[in-house]
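Secondary and tertiary structure notes
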Amino acid sequence: WLQVWIGRGLRALERRLAGERATGRFCHGDSPTLADVCLVPQCYASRRFGVDLAAFPTIAGIDAACQQLE
């Protein structure tokens, strides 16, 4: 159940982020915003419940950039 709903949400967000010119290293540009703060727990839940982030390269890249922050 969680895989289905997390996957649907991430697919929609991936399409949005991949199509936005404003998407940079983070969800909106090259500095973290509240959007990134909200994305990190979703990525954690994805891994926890077996949703492969490899299908979402933009999201995976943003999550990796967030993980490098203190």
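Going by the structure above, here's the rest.
Residues numbered from 1 in each chain as written. Predicted model: local features only at pLDDT ≥ 70, side-chain atom pairs only at ≥ 80, totals over all residues. Heavy atoms only, no water.

Brief notes about a nonpolar patch on the surface
The criterion, for reference: Like-charged residues are merged into a patch within 9 Å and nonpolar side chains (Val, Leu, Ile, Met, Phe, Trp, Tyr) within 5 Å, provided each residue has over 30% relative accessible area and no salt bridge. Only the protein chains shown count as cover for residues, and all accessible areas are computed by the Shrake-Rupley method using a 1.4 Å probe. A pairing counts as a salt bridge when a side-chain nitrogen of Lys or Arg comes within 4 Å of a carboxyl oxygen of Asp or Glu. Each helix corresponds to a stretch of at least 4 residues labelled H or I by DSSP, and each strand to a stretch of at least 2 residues labelled E; elements are numbered beginning at the N terminus.
On the surface, Trp1, Leu2, Val4, Trp5 and Phe49 cluster together to form a nonpolar patch covering roughly 560 Å² of accessible area. Positionally, Trp1 belongs in the segment before helix H1 (2-19).

So, the pattern of salt bridges
In this structure the tally under the stated criterion is two salt bridges. Two residues, Arg16 and Glu20, come together in a salt bridge whose shortest N-O distance is 3.1 Å. Arg47 serves as the salt-bridge partner of Asp63, at 2.9 Å between the closest nitrogen and oxygen. Here Asp63, found in helix H3 (residues 57-67), pairs with Arg47, found in helix H2 (residues 34-48); they are 16 residues apart in sequence, far enough to count as distant.

Section: H2
Here is the rule we go by: Between the first and last residue of a helix there are one fewer steps than residues, each counted as 1.5 Å, and that sum is the expected span. Here's how the labels work: a residue is buried when its accessible area is under 20% of the maximum for its type, exposed when over 50%, partly exposed in between, all with a 1.4 Å probe on protein chains only.
Spanning 15 residues, H2 covers 22 Å between terminal C-alpha atoms, matching the ideal 21 Å at 1.5 Å per step. When H2 is considered as a whole, its buried residues turn out to be Asp36, Leu39, Cys43, Ala45 and Ser46. Just downstream of H2 lies Gly50, where phi reads positive at about 80°.

Digging into the packing of H1 against H2
Threshold: Each axis is a line fitted through C-alpha atoms, and for a helix only the stretch in contact is used; angles between axes span 0 to 180 degrees, taken between their N-to-C directions. Working rule for angles: under 35 degrees goes down as roughly parallel, over 145 as roughly antiparallel, 65 to 115 as roughly perpendicular, anything else as oblique. Left-handed describes a crossing in which the near helix is turned anticlockwise from the far one by less than a right angle; the clockwise case is right-handed. Contacts: residue pairs with any heavy atoms within 4.5 Å of one another. Classes in brief: Ala, Val, Leu, Ile, Met, Phe, Trp, Tyr, Cys and Pro nonpolar; Asp, Glu, Lys and Arg charged; the others, Gly included, polar.
Running from N to C, H1 and H2 cross one another at 135°; their axes reach a closest spacing of 11 Å. As summarised for this structure, H1 and H2 are arranged oblique, according to the angle between their axes. The crossing of H1 and H2 is left-handed. Taking contact as the criterion, the partners of Ile6, Leu10 and Leu13 in H1 are, on H2, Leu39, Gln42, Ala45 and Ser46. Residue classes in the contact of H1 with H2 are distributed as five nonpolar, two polar and no charged.

A word on the packing of H1 against H3
As a packed pair, H1 and H3 sit with axes 8 Å apart at the nearest point and diverge in direction by 85°. Between H1 and H3, the angle falls in the class roughly perpendicular. Two secondary-structure elements touch here, H1 through Leu10, Leu13, Glu14, Leu17 and Ala18 and H3 through Pro57, Thr58, Ile59 and Ile62. Residues belonging to the contact of H1 with H3 are distributed by class as follows: seven nonpolar, one polar and one charged.

It is worth stressing that arrangement in space is one thing and function is another; only the former is reported here.
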